[in-house]
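# Commentary on secondary and tertiary structure
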Amino acid sequence: MKIKLTLMALALAIGLTTHAQQQSEKIQTPAQAVEALKAGNTRFTTDNRTLPNQCKDHRKSLKKTQEPFAAIVTCSDSRVPAELLFDNGFGDLFVIRTAGNSVVDSSTQGSVDYAVNHLGVKVIVVLGHTNCGAIKAVVTATDDAAPNSEEEAKMQGELPALIGKIADCIPQHKGKPETFNAAILANVNAQAERIAALPHVKAQVAEGKLAVVNALYDLKTGEVTFQ
Ligand SMILES: [Zn+2]
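The structure contained in this document is the topic of the report that follows. Within each chain, residue numbers correspond to sequence positions counted from 1 in written order. Where totals are concerned, whole chains, interfaces and linings use all residues; where local detail is concerned, this predicted model gives features only for residues with pLDDT of at least 70, and gives and counts side-chain atom pairs only at 80 or more. By convention in this description, side-chain values take in all heavy atoms of the structure and omit both hydrogens and water.

A count of helical and extended segments in the chain gives 10 helices and 5 strands. Residue pairs in contact within the chain that sit at least 24 positions apart in sequence constitute 73% of those at least 6 positions apart. Here a strand is any run of E in DSSP of at least two residues, a helix any run of H or I of at least four, and the numbering for each starts at the N terminus. Any two residues whose heavy atoms approach within 4.5 Å are treated as being in contact.

The subject of this paragraph is the environment of Glu67. Relative to the helices and strands, Glu67 is located in the loop between α3 (56-61) and β1 (70-75). As for Glu67 and Phe94, which are separated by 27 residues in sequence, their C-alpha atoms are 9.0 Å apart. The contact partners of Glu67, leaving out residues within four places of it in the chain, are Gly91 and Leu119.

This next bit is on the coordination of the zinc ion. Coordination of the zinc ion by the protein comes from Cys75 (SG), His129 (NE2) and Cys132 (SG), over a distance range of 2.0 to 2.3 Å. Coordination shells were defined by N, O and S atoms within 2.8 Å of each metal, extended to 3.2 Å for Na, K and Ca; water is absent from the atom set, which can make sites look incomplete. Mapping the donors of the zinc ion onto the primary sequence yields the spacing C-x53-H-x2-C. Taken together, the residues Cys75 in strand β1 and Cys132 in the loop between β3 (123-129) and α6 (133-139) connect sequence positions 57 residues apart. As far as burial versus exposure is concerned, Cys75 and Cys132 are alike and both buried. Burial status follows relative accessibility: with a 1.4 Å probe on protein chains alone, a residue under 20% of its type maximum counts as buried, one over 50% as exposed, and anything between as partly exposed.

So, about the pairing of β1. Taking burial as the measure, the 6 residues of β1 include 6 buried ones, the bulk of the element. Note that β1 and strand β2 (residues 93-98) share 6 bridges and pair parallel. If you follow Thr74 over to β2, its bridge partner there is Arg97. Between any two strands, pairing holds if DSSP finds at least two bridges. Strand direction decides the pairing type here: β1 and β3, joined by 5 bridges, are parallel. From the neighbouring strand, Ala71 faces β3, where its bridge partner is Ile124.

Attention now goes to unusual backbone geometry. The phi dihedral of Asp87 is positive, around 45°, even though this residue is not glycine. In this structure, Asp87 sits in the loop between α4 (82-85) and β2. Phi at Asn131 takes a positive value of approximately 55°, unusual for a residue other than glycine. By secondary structure assignment, the location of Asn131 is in the loop between β3 and α6. Take Asn131: its relative accessible area is 37%, and that puts it in the partly exposed class.

As C-alpha coordinates, then:
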(Lines give C-alpha, C1' and ligand atoms only; values in the text may rest on other atoms or scores of the structure.)
Protein backbone atom coordinates (compact mmCIF):
# COMPACT_ATOMS: atom_id res chain seq x y z
CA MET A 1 0.00 0.00 0.00
CA LYS A 2 2.79 2.35 0.99
CA ILE A 3 4.70 1.61 -2.23
CA LYS A 4 1.55 2.15 -4.25
CA LEU A 5 0.96 5.55 -2.67
CA THR A 6 4.58 6.58 -3.15
CA LEU A 7 4.39 5.60 -6.83
CA MET A 8 1.20 7.60 -7.19
CA ALA A 9 2.78 10.65 -5.56
CA LEU A 10 5.79 10.29 -7.85
CA ALA A 11 3.60 10.01 -10.93
CA LEU A 12 1.67 13.09 -9.83
CA ALA A 13 4.86 15.07 -9.24
CA ILE A 14 6.22 14.10 -12.67
CA GLY A 15 2.90 15.00 -14.25
CA LEU A 16 2.82 18.44 -12.65
CA THR A 17 6.44 19.16 -13.56
CA THR A 18 5.76 18.15 -17.14
CA HIS A 19 2.73 20.43 -17.26
CA ALA A 20 4.75 23.41 -16.00
CA GLN A 21 7.60 22.70 -18.40
CA GLN A 22 5.21 22.27 -21.30
CA GLN A 23 3.62 25.65 -20.59
CA SER A 24 6.93 27.56 -20.55
CA GLU A 25 8.27 25.68 -23.58
CA LYS A 26 5.13 26.29 -25.54
CA ILE A 27 4.82 30.03 -24.97
CA GLN A 28 7.46 31.71 -27.11
CA THR A 29 5.50 34.38 -28.95
CA PRO A 30 2.97 37.12 -28.13
CA ALA A 31 0.25 35.21 -30.00
CA GLN A 32 0.90 32.05 -27.99
CA ALA A 33 0.78 34.06 -24.77
CA VAL A 34 -2.62 35.51 -25.67
CA GLU A 35 -3.91 32.05 -26.61
CA ALA A 36 -2.75 30.67 -23.25
CA LEU A 37 -4.59 33.46 -21.42
CA LYS A 38 -7.74 32.92 -23.47
CA ALA A 39 -7.62 29.19 -22.79
CA GLY A 40 -7.17 29.82 -19.07
CA ASN A 41 -10.14 32.20 -18.96
CA THR A 42 -12.27 29.64 -20.81
CA ARG A 43 -11.35 27.01 -18.20
CA PHE A 44 -12.31 29.56 -15.52
CA THR A 45 -15.69 30.49 -16.98
CA THR A 46 -16.66 26.91 -17.80
CA ASP A 47 -15.72 25.54 -14.39
CA ASN A 48 -12.92 23.44 -15.88
CA ARG A 49 -10.07 25.01 -13.96
CA THR A 50 -6.91 22.90 -13.75
CA LEU A 51 -5.21 25.14 -11.14
CA PRO A 52 -1.84 24.76 -12.89
CA ASN A 53 1.50 25.58 -11.26
CA GLN A 54 0.07 25.86 -7.78
CA CYS A 55 1.66 22.85 -6.10
CA LYS A 56 4.44 22.98 -3.53
CA ASP A 57 7.05 21.53 -5.88
CA HIS A 58 6.38 24.13 -8.53
CA ARG A 59 6.55 26.92 -5.96
CA LYS A 60 9.91 25.58 -4.76
CA SER A 61 11.22 25.33 -8.33
CA LEU A 62 10.78 29.10 -8.63
CA LYS A 63 12.69 30.11 -5.52
CA LYS A 64 15.63 31.52 -7.47
CA THR A 65 14.09 32.61 -10.72
CA GLN A 66 10.91 33.52 -12.52
CA GLU A 67 9.89 33.58 -16.14
CA PRO A 68 6.29 34.81 -16.37
CA PHE A 69 4.93 34.74 -19.90
CA ALA A 70 2.60 37.73 -19.49
CA ALA A 71 2.34 41.03 -17.64
CA ILE A 72 -1.19 41.97 -16.63
CA VAL A 73 -1.90 45.61 -15.87
CA THR A 74 -5.25 45.56 -14.15
CA CYS A 75 -7.37 47.22 -11.49
CA SER A 76 -6.77 46.80 -7.76
CA ASP A 77 -10.47 45.95 -7.48
CA SER A 78 -10.86 42.89 -5.24
CA ARG A 79 -13.09 41.25 -7.83
CA VAL A 80 -10.38 41.14 -10.50
CA PRO A 81 -7.71 38.63 -9.36
CA ALA A 82 -5.69 37.92 -12.49
CA GLU A 83 -4.30 34.49 -11.55
CA LEU A 84 -7.78 33.21 -10.76
CA LEU A 85 -9.59 34.50 -13.81
CA PHE A 86 -6.84 33.21 -16.16
CA ASP A 87 -6.50 29.91 -14.24
CA ASN A 88 -2.75 30.34 -13.77
CA GLY A 89 -0.36 29.77 -10.90
CA PHE A 90 2.97 30.71 -9.38
CA GLY A 91 5.41 32.27 -11.81
CA ASP A 92 2.99 32.60 -14.73
CA LEU A 93 1.85 36.21 -14.56
CA PHE A 94 3.56 39.46 -13.58
CA VAL A 95 0.63 41.45 -12.24
CA ILE A 96 0.56 45.23 -11.79
CA ARG A 97 -2.59 46.41 -10.07
CA THR A 98 -3.63 50.01 -9.58
CA ALA A 99 -6.96 51.80 -9.26
CA GLY A 100 -8.38 52.02 -12.78
CA ASN A 101 -5.54 49.88 -14.26
CA SER A 102 -3.71 53.16 -14.68
CA VAL A 103 -0.10 53.63 -15.64
CA VAL A 104 0.30 57.28 -14.73
CA ASP A 105 3.41 57.33 -12.57
CA SER A 106 6.95 55.99 -12.42
CA SER A 107 6.12 53.16 -10.01
CA THR A 108 3.74 51.55 -12.49
CA GLN A 109 5.74 52.42 -15.61
CA GLY A 110 8.93 51.18 -13.95
CA SER A 111 7.15 47.93 -13.09
CA VAL A 112 6.21 47.49 -16.75
CA ASP A 113 9.82 48.13 -17.75
CA TYR A 114 10.96 45.49 -15.26
CA ALA A 115 8.56 42.91 -16.69
CA VAL A 116 9.80 43.64 -20.21
CA ASN A 117 13.54 44.07 -19.70
CA HIS A 118 14.28 41.66 -16.86
CA LEU A 119 11.60 39.02 -17.16
CA GLY A 120 11.03 38.97 -20.91
CA VAL A 121 7.24 38.74 -20.87
CA LYS A 122 5.72 38.05 -24.27
CA VAL A 123 2.62 40.14 -23.85
CA ILE A 124 1.35 43.04 -21.74
CA VAL A 125 -2.40 42.90 -21.22
CA VAL A 126 -4.17 46.04 -20.04
CA LEU A 127 -7.23 44.60 -18.39
CA GLY A 128 -10.10 46.91 -17.50
CA HIS A 129 -13.33 45.71 -15.96
CA THR A 130 -17.02 46.50 -15.91
CA ASN A 131 -18.33 48.79 -13.19
CA CYS A 132 -14.86 50.15 -12.37
CA GLY A 133 -15.06 52.56 -9.43
CA ALA A 134 -12.07 54.64 -10.55
CA ILE A 135 -13.64 55.30 -13.93
CA LYS A 136 -17.01 55.96 -12.31
CA ALA A 137 -15.26 58.69 -10.29
CA VAL A 138 -14.00 60.23 -13.54
CA VAL A 139 -17.34 60.21 -15.34
CA THR A 140 -19.21 61.59 -12.33
CA ALA A 141 -16.59 64.24 -11.50
CA THR A 142 -17.68 67.83 -11.23
CA ASP A 143 -15.63 70.99 -11.04
CA ASP A 144 -17.54 72.28 -8.02
CA ALA A 145 -15.49 72.94 -4.93
CA ALA A 146 -18.13 71.45 -2.63
CA PRO A 147 -18.73 67.70 -2.85
CA ASN A 148 -22.09 66.92 -4.45
CA SER A 149 -22.44 63.40 -3.19
CA GLU A 150 -21.38 61.00 -0.48
CA GLU A 151 -18.99 59.39 -2.96
CA GLU A 152 -17.34 62.70 -3.78
CA ALA A 153 -16.94 63.44 -0.08
CA LYS A 154 -14.77 60.29 0.17
CA MET A 155 -12.34 61.71 -2.38
CA GLN A 156 -9.54 62.55 0.00
CA GLY A 157 -5.80 62.15 0.42
CA GLU A 158 -4.01 61.18 -2.80
CA LEU A 159 -7.18 59.89 -4.42
CA PRO A 160 -8.27 63.13 -6.15
CA ALA A 161 -4.81 63.47 -7.71
CA LEU A 162 -4.96 59.89 -9.05
CA ILE A 163 -8.48 60.29 -10.42
CA GLY A 164 -7.38 63.59 -11.96
CA LYS A 165 -4.51 61.84 -13.76
CA ILE A 166 -6.84 59.15 -15.09
CA ALA A 167 -9.31 61.86 -16.16
CA ASP A 168 -6.51 63.55 -18.09
CA CYS A 169 -6.11 60.30 -20.06
CA ILE A 170 -9.80 60.32 -21.07
CA PRO A 171 -10.84 64.01 -20.92
CA GLN A 172 -13.74 63.43 -23.33
CA HIS A 173 -15.51 61.35 -20.63
CA LYS A 174 -14.97 63.61 -17.62
CA GLY A 175 -18.28 64.48 -15.96
CA LYS A 176 -20.29 62.36 -18.42
CA PRO A 177 -21.84 59.47 -16.48
CA GLU A 178 -23.86 58.35 -19.50
CA THR A 179 -20.57 57.36 -21.17
CA PHE A 180 -19.46 55.08 -18.30
CA ASN A 181 -18.99 51.88 -20.34
CA ALA A 182 -17.31 53.71 -23.21
CA ALA A 183 -15.05 55.47 -20.70
CA ILE A 184 -13.88 52.12 -19.28
CA LEU A 185 -12.83 50.99 -22.77
CA ALA A 186 -11.31 54.37 -23.60
CA ASN A 187 -9.24 54.22 -20.42
CA VAL A 188 -7.95 50.72 -21.28
CA ASN A 189 -6.98 52.05 -24.67
CA ALA A 190 -5.33 55.17 -23.24
CA GLN A 191 -3.29 53.20 -20.70
CA ALA A 192 -2.23 50.70 -23.37
CA GLU A 193 -1.08 53.60 -25.55
CA ARG A 194 0.99 54.97 -22.67
CA ILE A 195 2.61 51.56 -22.24
CA ALA A 196 3.21 51.15 -25.97
CA ALA A 197 4.99 54.51 -25.99
CA LEU A 198 7.58 53.42 -23.40
CA PRO A 199 10.89 53.18 -25.32
CA HIS A 200 11.78 49.62 -24.26
CA VAL A 201 8.27 48.40 -25.00
CA LYS A 202 8.23 50.15 -28.35
CA ALA A 203 11.52 48.54 -29.37
CA GLN A 204 10.44 45.01 -28.46
CA VAL A 205 7.06 45.41 -30.12
CA ALA A 206 8.83 46.56 -33.30
CA GLU A 207 10.91 43.36 -33.21
CA GLY A 208 7.80 41.21 -32.79
CA LYS A 209 8.95 39.92 -29.40
CA LEU A 210 6.21 41.66 -27.44
CA ALA A 211 2.62 42.81 -27.86
CA VAL A 212 0.46 45.23 -25.89
CA VAL A 213 -3.13 44.01 -25.84
CA ASN A 214 -6.37 45.55 -24.56
CA ALA A 215 -8.92 43.45 -22.70
CA LEU A 216 -12.06 43.82 -20.62
CA TYR A 217 -13.18 41.61 -17.72
CA ASP A 218 -16.91 41.21 -17.16
CA LEU A 219 -17.66 40.98 -13.42
CA LYS A 220 -20.96 39.23 -14.12
CA THR A 221 -19.89 36.52 -16.58
CA GLY A 222 -16.24 36.13 -15.62
CA GLU A 223 -15.29 36.45 -19.27
CA VAL A 224 -12.28 38.36 -20.50
CA THR A 225 -12.84 39.85 -23.95
CA PHE A 226 -9.67 40.68 -25.84
CA GLN A 227 -10.10 43.79 -28.01
ZN1 LIG B 1 -11.62 49.14 -11.15
